[in-house]
Structure formats: C-alpha cells, structure tokens
Amino acid sequence: MKKRVIGGILLLLVSSLLAYLWPRQPPDDVLDRMGDILGKLEEMYEGDDIFIRPFTTKPDGLDAEKVKWLRGRMREAGFSRASLSCSEYSCSSAYSISRGFDIFRNYMYYKYDSDDLFEEIIVDSVEKAIEENTEVNYAFCERTEAEHWFYCENNH
C-alpha cells in the first residue's frame, strides 16, 4: 500500500514538473498584445530603463497597479520578462518568451526597435540561420508582420 502511495505521489510530482517545463507557444495575437504592453511601458517611462520580471514585488518606484496590469498581460501573452529602454534617438523593448526551465535552451524573445538598428543579425528565417550557423555564439532576428517588431533567438 505504501509503495502505491509513494509511486502515485512521485508520478504526480514528475507530471507536474513536466507540465511546468513544457515549452509554451505564444498566442496568435501576440503582436497585438505586445503593442498593448509597449504602450503601457511607454506611458510609465520617465527616463530610466524599465524591467518587469514576474517575481519582483515593485520595480523601482513604478505604479503598482500598472505593474500588476503589465504582469497580467505578460502572463496571457506567454512572456516571462519585459523591458523598455530609450536613448535620445530611439527606443528598444524586449519580451522574453516563457519556456519553463530554459537553462539548456536558446533564449527566445520578441524585440521592438524604433529605428531597426541593433546588435542581432536580421535574417529571413531564424530557424534556417541556426541550422546553417557554424559560430559558437549567435544572435538572429527575423522581421514579423508588424513594423519594427522582430522575433529573435540567441544562445548566450
């Protein structure tokens, strides 16, 4: 009897862990959701970079209600982190895709860049670029159907 109970508990724990770690697919309207999140981040921007993470209680004096709204939208869109930084000439925003336990996986994210100038290499297909890549470290982005928005992956 005890073996069955222990086996059942182990099965429950392992299946829960696998469900948590299973990669999530962003929803079909992810670009619209990112636009809403970007709008709220821009509304909150006061000259300092903004980083919204899931477990920070209240990031650097930002309005608690707005942060709560952002975290809810991020969860719905499948994002683990969001950020916004601006310079004199442009703004950049990144949205990390939640992938569960992702230590051994590529870093996947969407990126907004108002002037399309950033360090990643823009390619036609991220998947194809990764397959053809011979470098140890890489960072590739492909354009999405929305202007200034990119889907990116890197391994560092």
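Look above for the structure.
Residues numbered from 1 in each chain as written. Predicted model: local features only at pLDDT ≥ 70, side-chain atom pairs only at ≥ 80, totals over all residues. Heavy atoms only, no water.

A. How the structure looks around the side chain of Thr-144. By the secondary structure assignment, Thr-144 is in the loop between β6 (139-143) and β7 (149-154). Within the structure, Thr-144 has its side chain in polar contact with the backbone oxygen of Trp-149 (distance 3.0 Å). (Helix = DSSP H or I, 4+ residues; strand = E, 2+ residues; numbered from the N terminus. Polar contact = N/O pair within 3.5 Å; in protein donor to acceptor, adjacent residues only side chain to side chain.)

B. Seen up close, the pattern of salt bridges. In total, this model carries 3 salt bridges according to the counting rule given. In this structure, the salt-bridge partner of Arg-33 is Glu-76, at a minimum N-O distance of 3.9 Å. You can see Arg-33 sitting in helix α2 (residues 30-44) and its partner Glu-76 sitting in helix α3 (residues 64-77), a full 43 residues away along the chain. Given the relative accessible area of 25%, Arg-33 is considered partly exposed. Connected through salt bridges with shared partners, the residues Lys-40, Glu-43 and Lys-66 form a single ionic network. (Salt bridge = Lys/Arg side-chain N within 4 Å of Asp/Glu carboxyl O. Buried < 20%, exposed > 50% of the residue type's maximum accessible area, 1.4 Å probe, protein only.)

C. Up close: the packing of aromatic side chains. In the structure shown here, the tally under the stated rule is 7 aromatic pairs. Ring geometry for Tyr-95 against Trp-149: centres 5.5 Å apart, planes inclined by 40°, an arrangement best described as tilted. Here Trp-149 lies in strand β7 and Tyr-95 lies in strand β3 (residues 91-97), a separation of 54 residues in the sequence. By the burial criterion, Tyr-95 is buried, and Trp-149 matches it. Between Tyr-138 and Phe-140 the ring centres are 5.3 Å apart and the planes differ by 20°, which places this aromatic pair in the stacked class. Phe-140 shares its class with Tyr-138; the two are buried. Cluster of aromatic residues (ring-pair linked, three or more members): Phe-79, Tyr-95, Tyr-110, Tyr-112, Trp-149 and Tyr-151. Across the ring face of Trp-69, the terminal group of Lys-40 is positioned such that the distance to the ring centre comes to 4.8 Å. (Phe/Tyr/Trp six-rings, centres within 6.5 Å; stacked < 30°, edge-to-face > 60°. Lys NZ or Arg CZ within 6 Å of the ring centre and 35° of its normal.)

D. Spotlight on α2. Between its first and last C-alpha atoms α2 spans 21 Å; for 15 residues at 1.5 Å apiece the expected length is 21 Å, and the two agree. Those residues of α2 lying buried are Val-30, Leu-31, Met-34, Ile-37, Leu-38, Lys-40, Leu-41 and Met-44. Along its buried surface, α2 packs onto β1 (50-52), α3, β2 (79-86), β3, β4 (107-113) and β7. (Expected span 1.5 Å × (residues − 1). Contact = heavy atoms within 4.5 Å.)

E. Layout of the sheet that holds β1. The sheet built from 7 strands is open, its strands ordered β1-β2-β3-β4-β7-β6-β5 with mixed pairing. At either end of the open sheet lies a strand with only one pairing partner, and these are β1 and β5 (121-122). Two strands pair when backbone bridges link them, and β2 and β3 are joined in this way by 7 bridges, in the antiparallel orientation. Residue pairing across strands places Cys-86 opposite Cys-91, the latter belonging to β3. Here α2 sits on the sheet in contact with β1, β2, β3, β4 and β7, set at roughly 50° to β2. Contacts from α3 reach β1 and β2 within the one sheet, and its direction differs from that of β2 by about 125°. (Pairing = 2+ DSSP bridges. Axes fitted to C-alpha atoms, helices over the stretch in contact; angles between N-to-C directions.)

Just distances and angles here, no functional claims.
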